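# Observations on chain architecture
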There are 2 protein chains.
Amino acid sequence: MLDFTYYTPTKVYFGKDRHKQVGDIIKEYGYKTIMMQYGKGSIKANGLYDDVMQSLKANGIEVIEMGGVEPNPKVSFVRKAVQLAKEKKVEMILAVGGGSVLDSSKATAAGALADCDVWDFPSRKATPQNALPIGCILTHSAAGSEMSSSAVLTNTELNMKRGYNSEFNRCKFAICNPELTFSVSPYQTACGIVDSMAHTMERYFTLCPPTDLTDRLSESILQALIAAGRTLMQNPEDYEARATVMWASSLSHNDLTGCGRENFLAVHQLEHALSGEYDHVAHGAGLAVLFPAWARYMYKENPARFAQFARRVWNVTEADDEKAALAGIVCMENFFKEIGMPLTIREFGIEKSAMDTLAEACTFGRTRTVKSYIEMDYEVIKDIFNNCY
Amino acid sequence: MLDFTYYTPTKVYFGKDRHKQVGDIIKEYGYKTIMMQYGKGSIKANGLYDDVMQSLKANGIEVIEMGGVEPNPKVSFVRKAVQLAKEKKVEMILAVGGGSVLDSSKATAAGALADCDVWDFPSRKATPQNALPIGCILTHSAAGSEMSSSAVLTNTELNMKRGYNSEFNRCKFAICNPELTFSVSPYQTACGIVDSMAHTMERYFTLCPPTDLTDRLSESILQALIAAGRTLMQNPEDYEARATVMWASSLSHNDLTGCGRENFLAVHQLEHALSGEYDHVAHGAGLAVLFPAWARYMYKENPARFAQFARRVWNVTEADDEKAALAGIVCMENFFKEIGMPLTIREFGIEKSAMDTLAEACTFGRTRTVKSYIEMDYEVIKDIFNNCY
């Protein structure tokens, strides 16, 4: 087990109707003027907006609204939000939505207390030194952003999607009501499941000393996600399955599954190039295509690890490690297919010639490699993109 | 899954040599005068005391010492510590030790900012409204107090051992270096493993809706503890096993294993009567004796649950639930025996006639029942004590 620091200060309010307490929770912290960010208006259609506003107003909280956060949240939107937050002297940011709204809110929270441009954070020109407190009401189980230290932004001018980590990205509180995800489409539900699985698997597939406990916790989360995913494809309103997927998405990315291990998030780097370049590609769908291709490229670097994954997560009984490893990858791929995910980049309607461009984007114009079992350079990454075309 | 609130704000610094950073960590928080509590001096014999003092002094931190915390920490000691903390205006409490030192420190931290007597907290006459911040350097993996909201005190005048929960009992930081537990005796190591297992099993064996994810996480922690426990009985200086047991002890009692479930800690109530009455009984050893007896009394109330435990944790293959349940209890008992735990109360040198007194103590003189699959009254509790005599 490698040395680690574990810090998950987010207070999670989990369960039915808990979003109706949001005003009371914020009042207890003492914030009087908040900015509320949300997406394209689905929260207005399903009544969530009204519930939230009612609770906030009942507690005398002034709300500055910033609706319209897009999937793959845009730095241009965040810049506007930062300006407004500064003008209105908001004391906290409330994100009502999924990972995109959360990440937009996180960048706004740090930007509001910084002098630099918010794109300086993902581009590593600046590090957040402070941030407004962030709270959220989660409406989609996927990114795990509600408990994570990550935020991912897209810069459409530069055609880049990049993430950054900071302890200032941690939410102060997260309200997680599984019922709010009942209406998430099967496709987006599946994307979320893949994203959560990927957060756990990325940390699972790294080279480091043994971590028996972290391994078992990770395998547990994956098994629970797989079982709940199958249930949800049959019955989208199964509360227990929605709750499992929601809690698993938080635990997959709050660092629990990385304790004592190296954390590369290699496949995420590849996927950020893909959905950064092609806005219509959902992050989870991109991961579903890339993870098996990456695994097939890598499993020979550590067959025993991939075999453990196959046996413990997918109940593969094959004794030979290499064969078991491959069987496990097939199981993963079949599961992604079963829940309606694409298996190839071609299915996104992208030309094969674009694989070079994606490898260029992923390596920032061949200026970096991506760490995994091997250092993945432009050629390796291009091969992986081509292998899953 | 029942609704739950999950809040584990303790920052965990886990790994080799990390205790040597304690002064830097405290300085970063800005505390200048601290009280350091520790036990009977083993930290002086093994060099830990010197390491800690060196780091604190190097950072200009003034240290008020309160050594001599006893196992089953005494309210009389805490009262003295509270008085001293108030006199010296200490800004935080640093616990260097195991669960007893931690719990003594927690009660001191709350007592230092309260007007009431500290025994008012466990006796439910008062609730902590505030507390000094607490940090710890852990030297024993057992109580999970480093991340938990619990503290347990013993009142020798009243012959009572009682716990209480409060969010003010959460440590601000916990420094967890598995090497500091290399010198813990096999017996105390085993006691710690049983205590951690019990913290997970207590939450596992409650009646509530399905919690697939929490179940699997709990089963993972138990499996990891069992494997690491076996390793440590052969090689007490196996770093990976010590690390597994240390991290598992924290996760067993930081509420992760209780998410979405009812939390009774029924067997702990029985054990507190036992070690509260007999100071020479180690808490873990008491649990090792009582847990199988409690399980044999209860399994028919929920055979499917006990069968799941048997199959997933102990690899029992029996198809019949009741038979599997019993086989799992036998496995648990055999494991406790394998790591050197007693199996009967008789082995503590206690007279059989004392079982009545223990049941009296556990029910506060027949004035309360203890919640479990059934409400356990005086008669039930006496039966359980007698069954494991």
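Residues numbered from 1 in each chain as written. Chains lettered and ligands numbered in written order. Predicted model: local features only at pLDDT ≥ 70, side-chain atom pairs only at ≥ 80, totals over all residues. Heavy atoms only, no water.

### Observations concerning the overall build of chain A
The condition is simple: Per the convention used, a helix needs a DSSP run of H or I reaching at least four residues, while a strand needs a run of E reaching at least two, with both numbered from the N terminus. For the radius of gyration, the atoms used are the C-alpha atoms, and the globule rule reads 2.2 Å times the number of residues raised to 0.38. The classification of residues rests on relative accessible area computed with a 1.4 Å probe and restricted to protein chains. Under 20% of the type maximum is buried, over 50% is exposed, and intermediate values are partly exposed. Contacts are assigned to residue pairs with any non-hydrogen atoms lying within 4.5 Å of each other. Only the protein chains shown count as covering a residue, and every accessible area follows the Shrake-Rupley method with a 1.4 Å probe. Working convention for charge: Lys and Arg count positive, Asp and Glu count negative, and His plus the chain ends are omitted. To locate a charge, the coordinates of NZ of Lys, CZ of Arg, CG of Asp or CD of Glu are taken.
Helix and strand counts for chain A come out as 14 helices and ten strands. The globule rule puts the C-alpha radius of gyration for 389 residues at 21 Å, and the 20 Å found for chain A is close to it. Along the three orthogonal principal directions, the C-alpha set of chain A runs to about 65 × 45 × 45 Å. Evaluated residue by residue, chain A yields a buried proportion of 63% over its 389 residues. Of the contacts formed within chain A by residues at least 6 apart in sequence, a portion of 77% connects residues at least 24 apart. Accessible area of chain A: about 13,900 Å², with a carbon and sulfur share of 47%. Mean positive and mean negative side-chain charge positions of chain A (40 and 47 charges, respectively) differ by 2 Å.

### Side note on the packing of aromatic side chains
What counts, and what does not: Centres within 6.5 Å make a pair out of two Phe, Tyr or Trp rings, where for Trp the six-membered ring is used; the pair is then stacked when the planes are under 30 degrees apart, edge-to-face when over 60, and tilted otherwise. Over a ring means this: the NZ of a Lys or the CZ of an Arg is within 6 Å of the ring centre and within 35 degrees of the ring normal.
Following the criterion strictly, the structure yields 41 aromatic pairs over all chains and no others. Seen in terms of ring centroids, Tyr204(B) and Phe309(B) are 6.0 Å apart; in terms of plane orientation they differ by 55 degrees. Their pairing is tilted. Highlighted residues: Tyr204(B) in helix α6 (residues 186–204) and Phe309(B) in helix α11 (residues 303–314), separated in sequence by 105 residues. Here Tyr204(B) matches Phe309(B) in class, with each residue buried. Linked through ring pairs, Tyr204(A), Phe205(A), Phe291(A), Trp294(A), Phe306(A), Phe309(A), Trp314(A), Phe335(A), Phe336(A) and Tyr373(A) together constitute an aromatic cluster. Seen from the ring of Tyr239(B), Lys16(B) lies directly overhead, with NZ or CZ sitting 4.4 Å from the centre. Between Arg368(B) and the ring centre of Phe364(B), over which it is positioned, the NZ or CZ distance is 4.1 Å.

### Details of the relation of the copies chain A and chain B
As a reminder of what qualifies: What sets the superposition is a least-squares fit of C-alpha atoms, and only residues with pLDDT of at least 70 in both copies go into it.
Its rotation angle being 180 degrees, the transformation that places chain A on chain B also includes 0.0 Å of axial translation and leaves an RMSD of 0.0 Å. On the angle and the small slide along the axis, the relation comes out as a two-fold axis. Among all C-alpha atoms of chain A, that of Pro9(A) lies closest to the rotation axis, at 2.0 Å. Comparing interface residues between copies, 100% of those in chain A also sit at the interface in chain B, which points to an isologous, same-surface contact.

### Details of the side chain of Ser275(B)
Residues and elements named next belong to chain B. Stated formally: Polar contact criterion, stated in full: a pair of N or O atoms within 3.5 Å, where within protein one must be able to donate a hydrogen and the other to accept it, and residues adjacent in sequence count only if both atoms are side-chain atoms.
One can find Ser275 in helix α9 (residues 266–277). Ser275 gets classed as buried once you look at its relative accessible area, which sits at 0%. At a separation of 2.8 Å, a polar atom in the side chain of Ser275 contacts the side chain of Lys161. Discounting chain neighbours no more than four positions away, the residues touching Ser275 are Asn72, Lys161 and Val281.

### Some words on the interface of chain A and chain B
Threshold: Buried area adds together the accessible area that both of two parts lose upon being put together, with accessible area traced by a 1.4 Å probe. Whenever Lys or Arg places a side-chain nitrogen within 4 Å of a carboxyl oxygen from Asp or Glu, that contact is recorded as a salt bridge. The pairing criterion is simple: DSSP has to find at least two bridges between the two strands.
On the side of chain B, 37 residues touch chain A, which itself brings 37 residues to the contact. The contact between chain A and chain B buries some 3,300 Å² in all, and 63% of this surface belongs to carbon and sulfur atoms. The three residues of chain A that bury the most area against chain B are Met1(A), Leu213(A) and Trp247(A), which together make up 19% of that side's buried surface. Where chain A meets chain B, there are zero salt bridges. Along the contact surface separating chain A from chain B lie 16 residue pairs in polar contact (both at pLDDT 80 or more). Taken together, the elements giving at least two residues each to the side of chain A that touches chain B come down to β1 (4–14), α7 (212–234) and α8 (239–253) of chain A. One ladder, built from seven bridges, connects β1(A) with strand β1 (residues 4–14) of chain B; its direction is antiparallel. By the bridge assignment, Tyr6(A) is partnered in β1(B) with Val12(B).

### Overview of the environment of Tyr187(B)
Residues and elements named next belong to chain B. Residue position: Tyr187 is located in helix α6. Sequence separation between Tyr187 and Gly340 is 153 residues, and the spatial gap between their C-alpha atoms is 6.5 Å. Beyond its immediate chain neighbours, meaning those up to four positions away, Tyr187 contacts Ala282, Ala285, Gly340, Met341, Pro342 and Phe348.

### Considering unusual backbone geometry
For Asp17(A), which is not a glycine, the phi torsion comes out positive at approximately 65 degrees. In this structure, Asp17(A) sits in the loop between β1 and α1 (22–29).

### Some points on the side chain of Asn155(A)
Residue and element names in this part refer to chain A. Along the chain, the position of Asn155 falls in strand β6 (residues 150–155). Judged by its relative accessible area of 2%, Asn155 is buried. Not counting the four nearest positions on each side in its chain, Asn155 is found in contact with Val75, Arg79, Trp119 and Met160.

### Concerning the sheet that holds strand β4 (residues 92–97) of chain A
Condition: Here an angle of 0 to 180 degrees is reported between the N-to-C directions of two axes, which are lines fitted to C-alpha atoms, with helices fitted over the stretch in contact.
Sheet architecture is open: twelve strands sit in the order β3(A)-β2(A)-β4(A)-β5(A)-β8(A)-β1(A)-β1(B)-β8(B)-β5(B)-β4(B)-β2(B)-β3(B), paired in mixed fashion. Two strands in the sheet have a free side with no partner beyond their single neighbour: β3 (62–66) of chain A together with β3 (62–66) of chain B. For this sheet the average axis-to-axis angle between neighbouring strands, irrespective of direction, equals 25 degrees. In the packing of α8(A) onto the sheet, the strands contacted are β1, β5 (134–138) and β8 (173–176) of chain A together with β1 of chain B, and the crossing angle to β1(A) comes to about 145 degrees.

### Observations regarding the pairing of β6(A)
All names here are of chain A. The buried fraction of β6 amounts to six of the six residues, a majority that puts the element mostly inside the structure. Side-chain alternation along β6 places Ser150, Val152 and Thr154 on one buried face and Ala151, Leu153 and Asn155 on a second face that is also buried. Sheet topology places β6 next to strand β7 (residues 160–165); six bridges connect them, and they run antiparallel. Within the sheet, the bridge partner assigned to Ala151 lies in β7 and is Tyr164. Between β6 and β7, which follow one another and run antiparallel, lie four residues, and Asn159 among them has a positive phi close to 55 degrees.

### Overview of the packing of helix α1 (residues 22–29) of chain B against helix α3 (residues 48–58) of chain B
Residues and elements named next belong to chain B. Quick note on the threshold: In this scheme the handedness of a crossing depends on how the near helix is turned from the far one: anticlockwise by less than a right angle means left-handed, clockwise means right-handed. Throughout this entry, Asp, Glu, Lys and Arg are counted as charged residues, while Ala, Val, Leu, Ile, Met, Phe, Trp, Tyr, Cys and Pro are counted as nonpolar. The remaining residues, Gly among them, count as polar.
Contact geometry for α1 and α3: axes closest at 7 Å, N-to-C directions at 40 degrees. In terms of crossing hand, the pair formed by α1 and α3 is right-handed. On the side of α1, the interface is formed by Val22, Gly23, Asp24 and Ile26, while α3 contributes Val52, Ser55 and Leu56. Grouping the amino acids of the contact of α1 with α3 by side-chain chemistry returns four nonpolar, two polar and one charged.

### A few points about helix α4 (residues 75–88) of chain A
Residues and elements named next belong to chain A. In plain terms, the rule: What a helix is expected to span follows from its residue count: subtract one and scale by 1.5 Å.
Along its 14 residues, α4 runs 20 Å from first to last C-alpha, staying within 8% of the 20 Å computed at 1.5 Å per residue. Packing partners of the buried residues in α4 comprise β2 (33–38), β3, α5 (99–111) and β6. Directly after α4, the chain includes Lys89, whose backbone phi takes a positive value near 50 degrees.

### Considering the state of the cysteines
All names here are of chain A. Formally: We call a pair of cysteine sulfur atoms a disulfide whenever their separation is within 2.5 Å.
Scanning the entire structure with this criterion turns up zero disulfides over all chains. No disulfide involves Cys136; its sulfur sits 4.3 Å from that of Cys171, the nearest cysteine. Assessed through its relative accessible area of 0%, Cys136 is described here as buried. In this structure Cys362 is a free cysteine whose sulfur lies 12 Å from that of Cys388, the closest cysteine sulfur available.

### Overview of the confidence of the model for chain A
For clarity, the cut-off: Known as pLDDT, the predictor's confidence for each residue is given on a scale from 0 to 100.
The predicted model of chain A has a mean per-residue pLDDT of 97, with 100% of residues at 70 or higher. Here the predicted complex carries an ipTM of 0.96, next to a pTM of 0.97.

### Here's the deal with the pattern of salt bridges
Between side chains of opposite charge, a pair can form as their charged atoms come close. Residue and element names in this part refer to chain A. All chains considered together, the criterion is met by 34 salt bridges over all chains. Its salt-bridge partner being Asp279, residue Lys74 comes within 3.7 Å of it at the nearest N-O pair. Taken together, the residues span a long stretch of sequence, with Lys74 in the loop between β3 and α4 and Asp279 in the loop between α9 (266–277) and α10 (283–298) at a distance of 205 residues. One salt bridge in this structure joins Arg305 and Asp215, with 2.7 Å as the shortest N-O distance. In this pair, Arg305 is assigned in helix α11 (residues 303–314) and Asp215 in helix α7, connecting sequence segments 90 residues apart. Judged by relative accessible area, which is 5%, Asp215 ranks as buried.

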